[in-house]
Each structure stands twice: as structure tokens, then as C-alpha cells.
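Below, each chain spelled out in residue letters.
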Amino acid sequence: MNERLNSVLAQRGVSPESLADVCEVDPKTVGRWLGGRVPHRRHRFRAAQHLRVEETFLWPTPPPHGSRPDAGLGTELIGTYQNRASVPRGIWLQLLAEAREQICVLVYSGTFFAQSNPHVAKMLAERAAAGVRVRLCFGDPGGHAVAVRGREEGIGDTLAAKIRASLTYYHPLLPEAGCDVRLHDTTLYASLFRYDDNLLVNPHVWGQPASANPVLHLKRADASGWFDNYAQSFEAVWAGARPWTPDQEGTVVHGQD
């Protein structure tokens, strides 16, 4: 018996049926937890959060060796990098070239994305021609969020200038079917680079450039993990972003020698 779980349920006045609803499982499943079975990771987290206790208090020992691994959060993380520069250039190129359904990018400036691959616009256009949906979302250089971010990093208006410079690389994509470029004015907690079911997440640490922060490589396992949470955040920002119109931004198209 899991006496700790039983005790906390009693103290909090939470019935097994109510906990089952919170965790989106059958009440019989909670009964098995009370009988000593260790829940999947996502259920342990949700139950502990709802009961306002530490997960390790309710389940102090890990699942038995040989038990079925959680198909959600634990298996999605397939790689980590100390910073963005640590991600091999070959990975960026391979993921882009192998995308078959969609490519989604959410950044402030994303300067490195073009500077590390001078042919990025051409490659994106080729993927779009092959039926891949390409969506690029940059920070609005005249927006509030970019101004705040520039101050936090101590670079002032430099970030807005970097965005305007970065956008010029993507001017050739505007007339291409299947390619969309938008500008957002939202607080960005992570830069996102999605290629079908692969996602590179570059979290932001306050006051530091995104390039100095780690990168997580996620591969979608199911709809309950990190991947879909980040993917949904992209969709939310994208829905509120406005189409990029170069004439209004005052950008100057330059060559890509």
C-alpha cells in the first residue's frame, strides 16, 4: 500500500475519483496507485502538483527496473547542447533538407540562421516547392517586446537593427507559395526551430543573448509531452503576428554573396 498517497488524499479531502479526473485516468488506475503501483511520470507530476506535495514524497523510489518507460516527457529529449553554437551545422542542414511537412521558426532576429547558411532562403524555397509549409516568425523591430529585450541584454536598439538586417535574407521567399513571414510583438521565452517531428528549443535566460543559452533537441513522442507544448506556443504567437511587409519596415535588400 502507498500509505503516503492515501494519507495525503485524506488530509487534502481529495477522493480517488477526483484525483483520477485531474490526472485523466480511470479511477481504478488511482486504486492501483494506492495499492503500490508507481504511475507514469506525467501522472506523478500532475498528482503531486494537485495535492501540493513533492513528487518524491509520494513516490520516493523510482519505477522497478524493466517497467514500461513513459512514452511522454522522458523519451522526447534526444539531445542537448551547451549553447547554440555547439549544435553542429550539419544537423541544421539535415533537418531542413529532410523536412516533408512543415518548417516553423520563432525567433527575435535569428541572424545566425542565415549567416551560418548563405543558401537558407533557396533551401526553404525548395522545400516549399516540394509541399513543405514554411513559416518564419521574427520579432517586430518596432515593437515593445524587442525594445524591452534590447534593454535587458544591454544592447539597446541593436536588436531591432539585427532583425531588420536578418529579414533582408528572406525577401526572396515572400512571393513563394507555401512560404509565410510574420512579425510578432510578444515576450519570447525560447527560440523554436521545428522540422516536422524534430524541434530544437533554445531557451532564453534573462539578460543573455539566445546564442549563449542551451539547445534542447526534442523528437515528438505523443501529444502529452514537451514537444506539443512548444508547438502550441508557436501557433499562439503565429496567430497574433502580422505579415511582414518590407516597405513598411524600411529594409534594404542586399545580395547574398
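Above this text is the structure in question.
Everything numeric in this text was worked out from a predicted model, so none of it was measured.

Colleague: Sorry, what's going on with the overall build of the protein here?
Modeller: Scanning the protein from N- to C-terminus turns up 13 helices and eight strands. Burial statistics for the protein: of 257 residues in total, 45% are counted as buried. Sequence-distant contacts in the protein: of pairs separated by 6 or more residues, those separated by 24 or more amount to 73%.

Colleague: Honestly, the pairing of strand β6 (residues 198-203) in this entry has me stumped. Any pointers?
Modeller: The side chains of a regular strand alternate between both faces of the sheet. Most of β6 is tucked away: five of the six residues are buried. Of the strand pairs in this sheet, strand β5 (residues 190-195) and β6 are connected by six bridges, and their pairing is antiparallel. Within the sheet, the bridge partner assigned to A190 lies in β6 and is P203. The pairing of β6 with strand β7 (residues 215-219) spans four bridges and is antiparallel. Within β7, the position partnered with V201 by the bridge is L216.

Colleague: Sorry, what's going on with the side chain of R135 here?
Modeller: By secondary structure assignment, the location of R135 is in strand β3 (residues 133-139). Polar contacts involving the side chain of R135 include one to the side chain of E235, which spans 2.7 Å. Once residues within four sequence positions are removed from consideration, R135 is found in contact with Q102, I103, C104, V105, D180, F234, E235 and W238.

Calculation notes
- Residues numbered from 1 in each chain as written.
- Predicted model: local features only at pLDDT ≥ 70, side-chain atom pairs only at ≥ 80, totals over all residues.
- Heavy atoms only, no water.
- Helix = DSSP H or I, 4+ residues; strand = E, 2+ residues; numbered from the N terminus.
- Buried < 20%, exposed > 50% of the residue type's maximum accessible area, 1.4 Å probe, protein only.
- Contact = heavy atoms within 4.5 Å.
- Pairing = 2+ DSSP bridges.
- Polar contact = N/O pair within 3.5 Å; in protein donor to acceptor, adjacent residues only side chain to side chain.

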